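Tertiary structure, described
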Amino acid sequence: MLERTRNIGIAAHIDAGKTTLTERILFYTGMIHKIGEVHDGGATTDWMEQERERGITITSAAVTTEWWQHAEEGVTKLFPGQKQRINIIDTPGHVDFTAEVERSLRVLDGAIVVFDAVAGVQPQTETVWRQATKYNVPRLVFVNKMDRTGADFDNVVSEVKEKLGANAVRILIPIGAEDQLIGQIDVVNQKAVYFSDDDKFGSTYTVRDLEGDLVDLCKQAHDELINAVADVDDQVGEKFLNEEVITLEELKQGLRRATIANLLVPVAGGSAFKNKGVQYLLDAVVDYLPSPLDIPAAIGMNPDNEEEKIEVITSDNEKFVSLAFKLWADKFVGKLVFFRVYSGMIKKGDTVYNPRTRRSERVGRLIQIQANEHKDIDVCYSGDIAAMVGIKNVTTGDTLAAERHDVVLEPPTFPEPVISMA
Ligand code: GDP
């Protein structure tokens, strides 16, 4: 499961559509497998309304979702592909360089950065972008609100390059804009994806061959993509130089490596509000953002001797090491301690040791926020995110580890970019 897990955050300037996008992602990931309900528009809308009222998921520190990747041609997204787990970690919207922002960035493996197709790069996003660069968090850009009057996808792509210094590359280009937003060009697969006219939740899409002007537009974008990947990725670069055929799989793998190493930033466009493009964005999350196995081991240290570094390897067979990144008072469950496991695993009833307080406490319950409920789980594995109940002496930023395992975590390090993005 670990290679099929993504721990991501969604960042945006206020009003760019972070909440709307999060809702749509939760809809597709939380409800998608409940086929009956998806076809029944009423039921899903009711669900969304309940959700708004309670707000437990949207405002939660971390929500665990499931996504079946890659719908088959011409069918709805209900067609089951491979099941993926996407944990969405709340990244505080107000970016004032608080410890909270830094801490949430530490537990992310990747992020979607949302832009307004009319407003482009806004000051707050520049701040988030710099923070993410500091922590080397791989990013995908979603140019949202393509249905708005004045939406300009290519202008936002240029601004992402110029103002943020990002090596941005288009992977999903909107077909049309404003009230003519009808689909997307899937540059990687060189296909057209047409959305249904249904703006309600649960809209479908069809995949077709490209026609007319779209053929040239896609060809140009595809050449750009191959050039961009070849520039930064040795394997694709070598084939490119030798004028060998680069297969679809090789291109995708190269793009994935380049995104994870922060050498490229894939850009997609659509409208979260009208459900256009969100499903393909989720596919891109799975395809290009890293799994916990793709990131280097976290580096911990001995609390008594900060010189002594301890490698914390993502594996269930290692000793348990986790980072408590958010405390949450839940009126039904009590105090929730959200944590990310860096190494080993934890079972309900296990004892965890806090090297800061040098005390151990028993984990009464383990909970994940899934769809619209708190779900009790028995085990939380390496790389995953959950909440503990029953732990009292803890503050955010604490390391919680196996009994007498004296290690505290430093910010995880990501691969150093080979070229400077600035
Ligand atoms: P946040 O502040 O980033 O969380 O933004 P919200 O998700 O609350 O969205 C701000 C406003 O923009 C709301 O009125 C949304 O309905 C609207 N909005 C969000 N996404 C879209 C979109 O794709 N198209 C249009 N036209 N409006 C959108």
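Refer to the structure presented above.
About the thresholds
Residues numbered from 1 in each chain as written. Predicted model: local features only at pLDDT ≥ 70, side-chain atom pairs only at ≥ 80, totals over all residues. Heavy atoms only, no water. Axes fitted to C-alpha atoms, helices over the stretch in contact; angles between N-to-C directions. Helix = DSSP H or I, 4+ residues; strand = E, 2+ residues; numbered from the N terminus. Parallel < 35°, antiparallel > 145°, perpendicular 65-115°, else oblique. Contact = heavy atoms within 4.5 Å. Nonpolar A, V, L, I, M, F, W, Y, C, P; charged D, E, K, R; others polar. Polar contact = N/O pair within 3.5 Å; in protein donor to acceptor, adjacent residues only side chain to side chain. Pairing = 2+ DSSP bridges. Core = buried A, V, L, I, M, F, W, Y, C linked by side-chain atoms within 4.5 Å. Buried < 20%, exposed > 50% of the residue type's maximum accessible area, 1.4 Å probe, protein only.

Brief notes about the packing of helix H9 (residues 248-260) against helix H10 (residues 278-288)
- Interhelical geometry of H9 versus H10 gives an angle of 80 degrees and a closest axis separation of 9 Å. Classified by the angle between their axes, H9 and H10 sit roughly perpendicular to one another. Where H9 abuts H10, its residues Lys252, Leu255, Arg256, Thr259 and Ile260 lie against Val286, Asp287 and Tyr288.
- Here the contact of H9 with H10 is built from residues that sort into 4 nonpolar, 1 polar and 3 charged.

Quick notes on the side chain of Asp147
- For Asp147, the location among the structural elements is in the loop between strand S5 (139-144) and helix H6 (153-164).
- A distance of 3.2 Å separates polar atoms of two side chains, one belonging to Asp147 and the other to Ser271.
- Setting aside residues no more than four positions away along its own chain, Asp147 makes contact with Glu178, Asp179, Leu181, Ser271, Phe273 and Lys274.

What to know about the pairing of strand S16 (residues 351-354)
- Here S16 pairs with strand S17 (residues 359-362) via 4 bridges, running antiparallel. Residue pairing across strands places Thr351 opposite Arg362, the latter belonging to S17.
- Between S16 and S17, which pair antiparallel in sequence order, lie 4 residues; one of them, Arg358, sits at a positive phi of approximately 60 degrees.

Notes on the nonpolar core
- Among the nonpolar cores identified, the biggest contains 106 residues, and Leu21, Ile112, Phe115, Trp129, Val160, Leu225 and Leu255 are the most heavily contacted of them.
- Counting residues per element, this core draws most heavily on helix H7 (residues 213-232), at 9 residues.
- Discounting residues that sit within four places of it in the chain, Ile112 has contacts with Ile8, Gly9, Ile10, Ala11, Leu21, Ile25, Leu140, Phe142, Leu281 and Val285.

Details of unusual backbone geometry
- Within the chain, Asp15 stands out as a residue other than glycine whose phi angle is a positive 85 degrees.
- Summarising the element assignment, Asp15 is placed in the loop between strand S1 (5-12) and helix H1 (18-31).
- Although it is not a glycine, Arg358 adopts a positive phi angle of roughly 60 degrees.
- Examined against the element boundaries, Arg358 turns out to sit in the loop between S16 and S17.

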